[in-house]
Amino acid sequence: MNTVMTSKAAFSHEAYFALEQAEDARYEYLAGEVFAMVGGSERHALISMNLGAALFNALHDRPCRVYGADMKLHVAEFDHFCYPDVMVLCEKGVRQERFVEQPSLIVEVLSPPTEAYDRGMKFEHYRAIASLDHYLLLDQDRPHVELYSRVGGVWQLTEAGGLEGEIVLALLDIRLGLAEVYRQVEFPSHAAPIEVESKA
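Fair warning: this is a prediction, and the values are worked out from it, not measured in the lab.

**Regarding the packing of aromatic side chains**
And step 1. If you walk through the whole model with that rule in mind, you get 12 aromatic pairs.
And step 2. Centre to centre, the rings of Phe-17 and Phe-81 are 5.5 Å apart; their planes meet at 80°, and the pair counts as edge-to-face. Here Phe-81 lies in strand β6 (residues 80-82) and Phe-17 lies in helix α1 (residues 13-23), a separation of 64 residues in the sequence.
And step 3. On the accessibility criterion, Phe-17 (8% relative accessible area) is buried.
And step 4. Ring centres of Phe-81 and Phe-99 lie 5.2 Å apart, and the angle between their planes is 75°; on these two criteria the pair is classed as edge-to-face. Taken together, the residues Phe-81 in strand β6 and Phe-99 in strand β9 (residues 99-101) connect sequence positions 18 residues apart.
And step 5. A relative accessible area of 14% means that Phe-99 is categorised as buried.
And step 6. An aromatic cluster is defined as three or more aromatic residues linked by ring pairs; in this entry it consists of Tyr-16, Phe-17, Tyr-29, Phe-81 and Phe-99.

Here it is, written out as structure tokens:
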């Protein structure tokens, strides 16, 4: 989901929640400031839905919940409310009426206006979440993923590309094929699939 960096300053949590309800719109919140959000592309929506459905099917017999982009995440360490494209909450997850905390997996589908934010400050904030095992970034212009996994307190990067590739979420014991994640997605003509070998 894209964020328009036009802020309304000095909001309390309750004022922020009231603003979203009054305007029937979504905003990100960061330490008293709120930022309007705008919708993404069809590819963005398809990829998010495909991944969410695949995760739901893979986790249906476990004590985990899969959320899409309508659910807020609160990162308490930075007083940050945001809307990841997909989240998974398991045993350590905390559910509130308006938001959740302590997910095991966070997914962002990359968009040109927000890619630097997703890779930079947002990931910095996400890394402060004690329960977070995996952070998954999905390219929407070609079948390519970057998976950051926390192993022994260290974040390790694994990449996969091409429709024959797969994502291995080892700490959730899930394997997902990229063909499933990118099902029905029509890529820009200039973005030919690129095969990428996995690496630790």
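**Focus on α1**
Note on helix geometry: an α-helix contains 3.6 residues per turn, so any two residues three or four positions apart are oriented the same way.
And step 1. Inspection of α1 places Tyr-16, Phe-17, Leu-19 and Glu-20 among the buried residues, and these make up the whole buried set. In a view along the axis of α1, the buried residues occupy a sector of 155°, so they form one face of it. Exposed and facing more than 90 degrees away from the buried side of α1 are Gln-21 and Ala-22.
And step 2. Positive backbone phi, approximately 50°, marks Asp-24, located one or two places after α1.

**What to know about the nonpolar core**
And step 1. Counting 27 residues, the largest nonpolar core has Leu-55, Leu-136, Leu-138, Ile-167 and Leu-169 as its most contacted members.
And step 2. Residue assignment for this core shows that the elements contributing at least two residues are α2 (42-58), β7 (86-89), β10 (105-109), β11 (134-138), β12 (144-151), β14 (166-169), β15 (174-177) and α5 (178-181).
And step 3. It is α2 that provides the largest number of residues to this core, a total of 5 residues.
And step 4. With sequence-adjacent residues up to four places away left out, Ile-167 is seen in contact with Leu-136, Val-145, Leu-147, Ile-174, Arg-175, Leu-176, Leu-178 and Val-181.
And step 5. Listed in part, the 16 residues of the second largest apolar core include Cys-82, Ile-106, Leu-110 and Phe-123.

**Considering the pairing of strand β2 (residues 27-30)**
And step 1. Burial along β2 is two-sided: the face carrying Tyr-27 and Tyr-29 and the face carrying Glu-28 and Leu-30 are both buried.
And step 2. One ladder, built from 4 bridges, connects β2 with strand β3 (residues 33-38); its direction is antiparallel. Paired with Leu-30 across the strands is Glu-33, a residue of β3.
And step 3. Counting the residues between successive antiparallel strands, the hairpin from β2 to β3 contains 2 residues, one of them, Ala-31, with a positive phi of roughly 50°.
And step 4. In this sheet, β6 lies alongside β2 in antiparallel orientation, the contact comprising 2 bridges. Along β6, the bridge assignment pairs Leu-30 with His-80.

Rules behind the numbers
- Residues numbered from 1 in each chain as written.
- Predicted model: local features only at pLDDT ≥ 70, side-chain atom pairs only at ≥ 80, totals over all residues.
- Heavy atoms only, no water.
- Phe/Tyr/Trp six-rings, centres within 6.5 Å; stacked < 30°, edge-to-face > 60°.
- Helix = DSSP H or I, 4+ residues; strand = E, 2+ residues; numbered from the N terminus.
- Buried < 20%, exposed > 50% of the residue type's maximum accessible area, 1.4 Å probe, protein only.
- Arc of directions from axis to C-beta.
- Core = buried A, V, L, I, M, F, W, Y, C linked by side-chain atoms within 4.5 Å.
- Contact = heavy atoms within 4.5 Å.
- Pairing = 2+ DSSP bridges.

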